[in-house]
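What follows is the residue order along each chain.
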Amino acid sequence: MQVALLSALLTLLATTPAAADHGGPLREAPMSPLTAALLFAGLALLVGAVVVVAVRVLTKDR
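As the structure is a prediction and not an experimental result, all values here were calculated from the model.

A.B. asks: Before we move on, could you go through the overall build of the protein and cite the residues and values that matter?
C.D. replies: Helices and strands together make up the secondary structure of the protein, namely two helices and zero strands. Burial analysis of the protein (62 residues in total) assigns 3% to the buried set. Put simply, the protein shows about 6,100 Å² of open surface, and 73% of that area lies on carbon and sulfur atoms.

A.B. asks: Run through a nonpolar patch on the surface, naming residues and quoting values.
C.D. replies: Nonpolar side chains collect at one region of the surface, where M31, L39, F40, L43, L46 and V50 lie side by side and expose about 580 Å² of accessible area between them. Relative to the elements of secondary structure, L43 occurs in helix α2 (residues 33-58). Judged by its relative accessible area of 42%, L43 is partly exposed.

What counts, and where the lines are drawn
Residues numbered from 1 in each chain as written. Predicted model: local features only at pLDDT ≥ 70, side-chain atom pairs only at ≥ 80, totals over all residues. Heavy atoms only, no water. Helix = DSSP H or I, 4+ residues; strand = E, 2+ residues; numbered from the N terminus. Buried < 20%, exposed > 50% of the residue type's maximum accessible area, 1.4 Å probe, protein only. Areas by Shrake-Rupley, 256 points an atom, 1.4 Å probe, with all protein chains shown as cover. Patch = residues over 30% accessible without salt bridge, like charges linked within 9 Å, V, L, I, M, F, W, Y side chains within 5 Å. Salt bridge = Lys/Arg side-chain N within 4 Å of Asp/Glu carboxyl O.

Here's what the structure looks like:
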């Protein structure tokens, strides 16, 4: 019990905050990350649907 507590306290003391603010041209993104994720997920779904339709058309019994 004490070893786990001591380990947790040492881990909290040893960690430092991440420097995630890079600045530069990426500081002001043109759209929010949520908007970008939804946009690319929709595009991936559309591409998947097109592939499924193309495979079904090309493999249809004649």
